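The primary structure of each chain is shown beneath.
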Amino acid sequence: MSQQPPPIEEQIEQARSPLSEAWEMFRRNHAAVAALVVLGLIVIGAIIGPFLYPTDPFEMVWAPFSPPGAEGFLLGTDYLGRDLMAMIINGARVSLIIGLAAAVVSIFIGVTIGALAGFYRGILEEILMRITEFFQVLPTLLFSMVIVALFGASLPMITLAIGIVSWTAVARITRAEFLRIRELEYVMASRASGVQNMKLMFRVILPNALPPIIVQSALMVGSAILFEAGLSFLGLTDPNVVSWGQIIGSNRQYILDASYTVTIPGLAIFVTVLAISLVGDGLNDALNPKLRSR
Amino acid sequence: MADTPNTPLLTVDKLGVRFAVKRGGGWGKRAFLYAVDDVSFTVNRGETLAIVGESGSGKTTAALAVARLTAAYTGSVKLDGQELLGLEGEELRQARNKVQFIFQDPYSSLNPRQRAEDIVREPLVSLTDKSGAEQQQIIDRLFAEVGLRPEQKRLFPHQFSGGQRQRIGIARALATQPQLIICDEPVSALDVAVQAQILNLLRDLQSELGLTYLFISHDLGVVQHMCDSIAVMYMGRIVEHTDRLSLFNNPLHPYTKALLSAVPSVDKKRRAETKRILIPGDPPDPVNLPPGCRFANRCPAATDVCRQSEPPLTDHGGYHRVACHLVNDSKTAAI
């Protein structure tokens, strides 16, 4: 014993949950921290923005195609003379909510299917994984368009459509982690301790399988926002709400005359998705034990 | 404990565990790998039976089957007269109280997201109806019993050393006051100094609490230190089963002889006396086993009989059971 262990008080001090340890790692990734700050600002802007800037995004406030900065409109007006600033602020809320909700839907489906397949193995796994592969080979955009076209372009339906086409990656990751962890001795030990299957799946294995799922979920919020933008661009959107994709879609004919009406919402999507991706990347580093204590 | 000695606590009879393996890929025929084949043994109350054998001999699988952690396809496992195989639901839960497991690798046998006390608490929550205060009292006592400080209860597994982690594993196994504890190579992942501490702890606990151990190991040095009787396994079968002294002083099966000759010794004289018996070749393919004795292809004394019929495990007096055609034959005496 060459090294004296630290006093017990200090050790207990260090007995933090793995979560706070992950935060310690996350903090070292400066790009991720910066992205988290940007993302925080975007979220705050989406929540309180409409109160600070109460212009109705659907109201014609000025002549169409007023360039940014002119006539007191910070981001100008679109082809119907609506205030682009108000549209971006209100669109943030819709884009973020759809992104989050769609990610939640796909995590719910993916984790359930992946956990059942990886835990019970056998015939159930075969069936569930063939279903997953079926969804994987469907062209996602086309499939979600069909769902939205059939069941109507309301926000919940769009969210559901995005969630239904994008859960497969989560299911495969969850299954892979379950396959790995179910063979570990501490799962065997819990079984010997009489822990029931449901608890074994969701209280013992799932918490240990979470890191890659969390990373995937973070990235999925970004791709869901892109997905929603794609659908809105194609006109498959609720006409009563404004989203970033919809702004681009409705102004796309005027891209040569008033390029800012397309670039500004495009930039908003770009910055948001980039921030989410960087945060996801930071989470990956923070939650991957192999990168710890470097 | 009021238990009378020399009465069997655990009786395992013709236990078999097999795994389906796919051969030839695709729609290839399903074949079975018989990891444990026709294994029978008993463990007396308060005693320790060691199962030794090389990697892949089926010793761990047999132990897992006894603890109902892997499914046996045939045979019987009786604990204190109660059949364990086939128990379901509540009855199985009750039975799990009585059989606990200490795992080989203390680094993977503790859930990294649980604090030490919660790891020890788990069997109490799932297997007993004890109140929170009672559980805490038991946990405190167990920590003292296995030599951990009470302040360490709140720590996470990664803050412990390998030996301390194994102590947590032992405390967890003791929590429900089991009659039988199965130790699956409990010290093979630890360094030698710590091995001795853990082995001594296990022995002290045994004499204090009247525990019965089923001790799985590949290390004959450890086994010699720990047990009352020994079963040697090879390719899923018991080849020799007797008490410790007979096995070490008078091994009858050629495989046991080879194993014993491989135990390193610091005693110069003993080293000069014992010639190392080398066994050539590899174990046979476990899926397509040859018809005769499983050890025949590596046995220095194998005859035609060995290659044709499988030797039964027969008693050669004083409960010294050996599965070899050539015991009492002059040829084996030569090796």
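Residues numbered from 1 in each chain as written. Chains lettered and ligands numbered in written order. Predicted model: local features only at pLDDT ≥ 70, side-chain atom pairs only at ≥ 80, totals over all residues.

### A few points about the overall build of chain B
And then number 1: Per the secondary structure count, chain B includes 12 helices and 12 strands.
And then number 2: Over its C-alpha atoms chain B spans a radius of gyration of 21 Å, differing by no more than 12% from the 20 Å that the globule rule assigns to 335 residues.
And then number 3: Projected onto its principal axes, the C-alpha positions of chain B cover 65 × 55 × 45 Å.
And then number 4: Burial status across chain B gives 43% buried among its 335 residues.
And then number 5: Considering only contacts in chain B between residues 6 or more positions apart, those separated by 24 or more positions represent 65%. (Helix = DSSP H or I, 4+ residues; strand = E, 2+ residues; numbered from the N terminus. Rg over C-alpha atoms; globule rule 2.2 N^0.38 Å. Buried ≥ 20, exposed ≤ 12 C-beta atoms within 10 Å, placed from the backbone. Contact = placed C-beta atoms within 7 Å.)

### Things to note about the environment of L287 of chain A
Residues and elements named next belong to chain A.
And then number 1: Along the chain, L287 falls in helix α12 (residues 260-287).
And then number 2: The buried category is assigned to L287, around which 21 C-beta atoms lie within 10 Å.
And then number 3: Sequence-wise, L287 and I97 are 190 residues apart; in three dimensions their C-alpha atoms are separated by 25 Å.
And then number 4: With residues up to four places along the chain from it excluded, the contact list for L287 reads A22, P211, I214 and V215.

### Observations regarding the sheet that holds strand β1 (residues 8-22) of chain B
All names here are of chain B.
And then number 1: The 4 strands are arranged β2-β1-β4-β5 in an open sheet whose pairing can be described as antiparallel. Edge positions in the sheet fall to β2 (30-44) and β5 (82-83), since each of these pairs with one other strand and no more.
And then number 2: Sheet analysis places strand β4 (residues 74-79) next to β5, joined by 2 bridges and oriented antiparallel. Within β5, the residue paired with L79 across the bridge is Q82. (Pairing = 2+ DSSP bridges.)

### Description of the interface of chain B and chain A
And then number 1: Each partner contributes residues to the interface: chain B has 25 residues there, and chain A has 20 residues.
And then number 2: Elements supplying a minimum of two residues to the side of chain B that touches chain A: α2 (89-96), β6 (99-102) and α3 (116-127) of chain B.
And then number 3: Of all the elements, α3 of chain B adds the most residues to the side of chain B that touches chain A, at 4 residues.

### Examining the sheet that holds strand β10 (residues 237-243) of chain B
Residue and element names in this part refer to chain B.
And then number 1: Judged by pairing direction, the sheet is mixed, and its 8 strands sit side by side in the order β6-β7-β8-β3-β9-β10-β12-β11 without closing on themselves. At either margin of the open sheet sits one strand with a lone partner, and together these are β6 and β11 (314-315).
And then number 2: Strand direction decides the pairing type here: β10 and strand β12 (residues 321-322), joined by 2 bridges, are antiparallel. Across the sheet, H241 pairs through a bridge with R321, a residue of β12.
And then number 3: Each of β3 (48-52), β7 (180-184), β8 (212-217) and β9 (229-234) is contacted by helix α1 (residues 59-66), which is oriented at about 150 degrees to β8, the strand it contacts most.
And then number 4: Sitting on the sheet, helix α9 (residues 254-261) touches β9 and β10, and the angle it makes with β9 is about 105 degrees. (Axes fitted to C-alpha atoms, helices over the stretch in contact; angles between N-to-C directions.)

### Remarks on the packing of helix α4 (residues 84-120) of chain A against helix α8 (residues 168-182) of chain A
Residue and element names in this part refer to chain A.
And then number 1: Contact geometry of α4 with α8 gives a least axis separation of 7 Å together with a crossing angle of 35 degrees. Considering how the two elements wind past one another, α4 and α8 form a crossing that is right-handed. Along the contact surface, α4 presents S106, I107, G110, V111, I113, G114, A115, A117, G118 and F119, while α8 presents V170, A171, R172, I173, T174, R175, F178, L179 and R182.
And then number 2: Looking at the contact of α4 with α8 residue by residue, the class counts come to 11 nonpolar, 5 polar and 3 charged. (Left-handed = near helix turned anticlockwise from the far one by under 90°. Nonpolar A, V, L, I, M, F, W, Y, C, P; charged D, E, K, R; others polar.)

### Some thoughts on the packing of α4 of chain A against helix α10 (residues 197-233) of chain A
Residue and element names in this part refer to chain A.
And then number 1: Between α4 and α10, the least distance of the axes is 8 Å, while the angle of their chain directions is 145 degrees. Between α4 and α10 the crossing geometry is right-handed. Contacts from S95, I98, G99, L100, A102, A103, S106, I107, V111, A115 and F119 in α4 reach M201, I205, L206, I213, S217, M220, V221, A224, I225 and E228 in α10.
And then number 2: For the contact of α4 with α10, the residue count by class is 16 nonpolar, 4 polar and 1 charged.

### As for helix α6 (residues 192-209) of chain B
Residues and elements named next belong to chain B.
And then number 1: In this model, α6 (18 residues) spans 26 Å end to end at C-alpha, consistent with the 26 Å of a helix rising 1.5 Å per residue.
And then number 2: For α6, the secondary structure elements touched by its buried residues are α5 (162-174) and β7.
And then number 3: Taken from the residues just after α6, G210 is the one with a positive phi, measuring 65 degrees. (Expected span 1.5 Å × (residues − 1).)

### Digging into the nonpolar core
And then number 1: Counting 165 residues, the largest nonpolar core has I182, L214 and V232 of chain B as the members making the most contacts within it.
And then number 2: It is α4 of chain A that contributes the most residues to this core, 18 residues altogether.
And then number 3: Those residues in contact with L214 of chain B, other than ones at most four positions away along the chain, are L10, V43, L49, A63, V66, L180 and I182 of chain B. (Core = buried A, V, L, I, M, F, W, Y, C linked by C-beta atoms within 7 Å.)

### Description of the pairing of β1 of chain B
Residues and elements named next belong to chain B.
And then number 1: Strand direction decides the pairing type here: β1 and β2, joined by 11 bridges, are antiparallel. Paired with F19 across the bridge in β2 is L33.
And then number 2: Two elements, β1 and β4, share 5 bridges in a ladder whose sense is antiparallel. Bridging from a neighbouring strand, V12 pairs with V77 of β4.

### Considerations on the pairing of β7 of chain B
Residues and elements named next belong to chain B.
And then number 1: Judged by how many residues are buried, β7 sits mostly within the fold: 5 of 5 residues are covered.
And then number 2: In this sheet, β7 lies alongside β6 in parallel orientation, the contact comprising 4 bridges. By the bridge assignment for β7, Q100 is matched with I181.
And then number 3: As judged from the 5 bridges shared by β7 and β8, these two strands associate in the parallel manner. For I181, the partnering residue across the bridge sits in β8 and is Y213.
And then number 4: A crossover links β7 with its parallel partner β8, the connecting element being α6, and its sense is right-handed. (Right-handed = clockwise from strand over helix to strand, strands pointing away.)

### Some details on α5 of chain B
And then number 1: Counted at 1.5 Å a residue, the expected span for α5 of chain B with its 13 residues is 18 Å, and the 19 Å between its end C-alpha atoms agrees.
And then number 2: Summarising burial for α5 of chain B: 11 of the 13 residues are buried, a large majority.
And then number 3: Here α5 of chain B has its buried residues at Q164, R165, Q166, R167, I168, G169, I170, A171, R172, A173 and L174 of chain B.
And then number 4: Against the buried residues of α5 of chain B lie α9 (185-192) of chain A together with β6, α3, α4 (132-145), β7 and α6 of chain B.

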